[in-house]
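Chain by chain, the residues run as shown.
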Amino acid sequence: MGQLTFHGHACIEIITGDGTRLLVDPFLSDNPLADVGPEHFDRLDYLLLTHGHFDHVADAWDLLRTTGALLIATFEIVSYAQEKLGLQNGHPLHIGGGYEFPFGRVKLTPALHGGQVAGEGAEGYTTLPAGILLNIDGTSIYHAGDTALIKDMELLRGQVDVALLPIGDNFTMGPDAQDPEAFRERVGPAAEVAILSAGDTYEF
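Please read these numbers as outputs of a predicted model, since none were measured by experiment.

Some details on the sheet that holds strand β10 (residues 139-143)
- Taking strand neighbours across the sheet as the criterion, the five strands line up as β7-β8-β9-β10-β11 in an open arrangement whose pairing is mixed. Each having just a single partner strand, β7 (98-101) and β11 (162-164) make up the two edges of the open sheet. Averaged over all pairs of adjacent strands, the angle between strand axes in this sheet comes to 15°, irrespective of strand direction.
- In the sheet, strand β8 (residues 104-110) pairs with strand β9 (residues 130-136) via seven bridges, with the strands oriented antiparallel. Across the sheet, T109 pairs through a bridge with G131, a residue of β9.

What follows is the structure, encoded as structure tokens:
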């Protein structure tokens, strides 16, 4: 059985049944709502990024340096890490593409958002934002990243067991009220809505 832990904003940690540790979109140090700092991740096997905005990559570069984790992201983000930061341990993907890793399969899905990459020397790097579809231990996990509500999401119908969705509005898709309980009520019987606070864990 695997575990998914929410660390605030868009950051999730996944520990697979065999103990492999993944982290998505680490925004910890400058996030007052995060339950842990980057020092919590003394061991990390894979680091995945949906896009390059600061509130998704803030701690990524230092964590890659300290842990040696494999970076999984779009071609442009991996190229930036390799060419500008000297972080060579990366696997580039792009929208619609997937790859079978030792822990499971990763596929990047469309997301509609901005493409800036935040980091020193990143002025020449932009990228398409992505969602991430993971298949781990027989469970399909969809991290939508930052996105507007797009028709492409319908292509995932029947393929997702666990979905992590932005409901913030303004910069992403969102209902009229950014209240998780109100969101759960609007979803109704269509799906079970689990509301996680920073530090909460969901088993799959």
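Thoughts on the sheet that holds strand β5 (residues 70-74)
- Taken together, seven strands build an open sheet; the order of strands is β6-β5-β4-β3-β2-β1-β12 and the sheet is mixed. A strand with exactly one partner marks an edge of an open sheet, and here the two such strands are β6 (90-93) and β12 (201-203). The sheet shows a mean angle of 20° between the axes of neighbouring strands, direction not considered.
- Inspection of the sheet shows β5 paired to β6 by four bridges, in the parallel sense. Following the sheet pairing, A73 is matched in β6 by P92.
- Where helix α3 (residues 75-85) meets the sheet, it contacts β5 and β6, and its direction lies at approximately 135° from that of β5.

Side note on the pairing of β9
- For β9, the buried fraction is high: six of the seven residues fall into the buried class.
- As judged from the five bridges shared by β9 and β10, these two strands associate in the antiparallel manner. Paired with I136 across the two strands is T139, which belongs to β10.
- Here β9 folds back onto β10 in antiparallel fashion, the turn holding two residues, of which D137 has a positive phi close to 50°.

Overview of the nonpolar core
- With 26 residues, the main nonpolar core has F41, L47, L49, W61, L64, L71 and I77 as its most contacted residues.
- Looking at this core, the elements that each hand over two or more residues are α2 (60-67), β5 and α3.
- Counting residues in hydrophobic clusters, the runner-up holds 23 residues, among them L4, I72, V106 and A130.

Some details on the environment of L133
- Structurally, the position occupied by L133 is in strand β9.
- Once the C-alpha coordinates of L133 and G68 are considered, the two residues, 65 residues apart in sequence, prove to be 23 Å apart.
- Not counting residues within four places of it along the chain, the set of residues in contact with L133 comprises R105, V106, K107, T109, S140, I141, Y142, L156, Q159 and V160.

What about the pairing of β10?
- A large share of β10 lies buried, amounting to five of its five residues.
- Where burial is concerned, the two faces of β10 agree: the one with T139, I141 and H143 and the one with S140 and Y142 are both buried.
- Pairing geometry for β10 and β11, over three bridges, is parallel. When the sheet's bridge partners are listed, I141 is paired in β11 with V162.

So, the side chain of D59
- As for its position among the elements, D59 is in the loop between α1 (54-57) and α2.
- Buried D59, no salt bridge; nearest opposite-charge side chain is R65, N-O distance 9.8 Å.
- Of note is the side chain of D59, whose polar atom sits 2.7 Å from the backbone nitrogen of L28.
- Those residues in contact with D59 that lie beyond four places of it in its chain are P26, F27, L28, S29 and P38.

Here's the deal with the packing of aromatic side chains
- On inspection of all chains with the given rule, the structure shows seven aromatic pairs.
- Summarising the aromatic geometry, the rings of Y80 and Y125 are spaced 5.5 Å apart at their centres and angled 65° between planes, so their arrangement reads as edge-to-face. With a gap of 45 residues between them, Y80 in helix α3 and Y125 in the loop between β8 and β9 connect regions that are remote in the sequence.
- The exposure class of Y80 is buried, given its relative accessible area of 0%.
- One aromatic cluster in this structure is built from Y46, Y99, F101 and F103.

Basis of the calculations
- Residues numbered from 1 in each chain as written.
- Predicted model: local features only at pLDDT ≥ 70, side-chain atom pairs only at ≥ 80, totals over all residues.
- Heavy atoms only, no water.
- Pairing = 2+ DSSP bridges.
- Helix = DSSP H or I, 4+ residues; strand = E, 2+ residues; numbered from the N terminus.
- Axes fitted to C-alpha atoms, helices over the stretch in contact; angles between N-to-C directions.
- Contact = heavy atoms within 4.5 Å.
- Buried < 20%, exposed > 50% of the residue type's maximum accessible area, 1.4 Å probe, protein only.
- Core = buried A, V, L, I, M, F, W, Y, C linked by side-chain atoms within 4.5 Å.
- Lys, Arg positive; Asp, Glu negative; His and termini not counted.
- Salt bridge = Lys/Arg side-chain N within 4 Å of Asp/Glu carboxyl O.
- Polar contact = N/O pair within 3.5 Å; in protein donor to acceptor, adjacent residues only side chain to side chain.
- Phe/Tyr/Trp six-rings, centres within 6.5 Å; stacked < 30°, edge-to-face > 60°.

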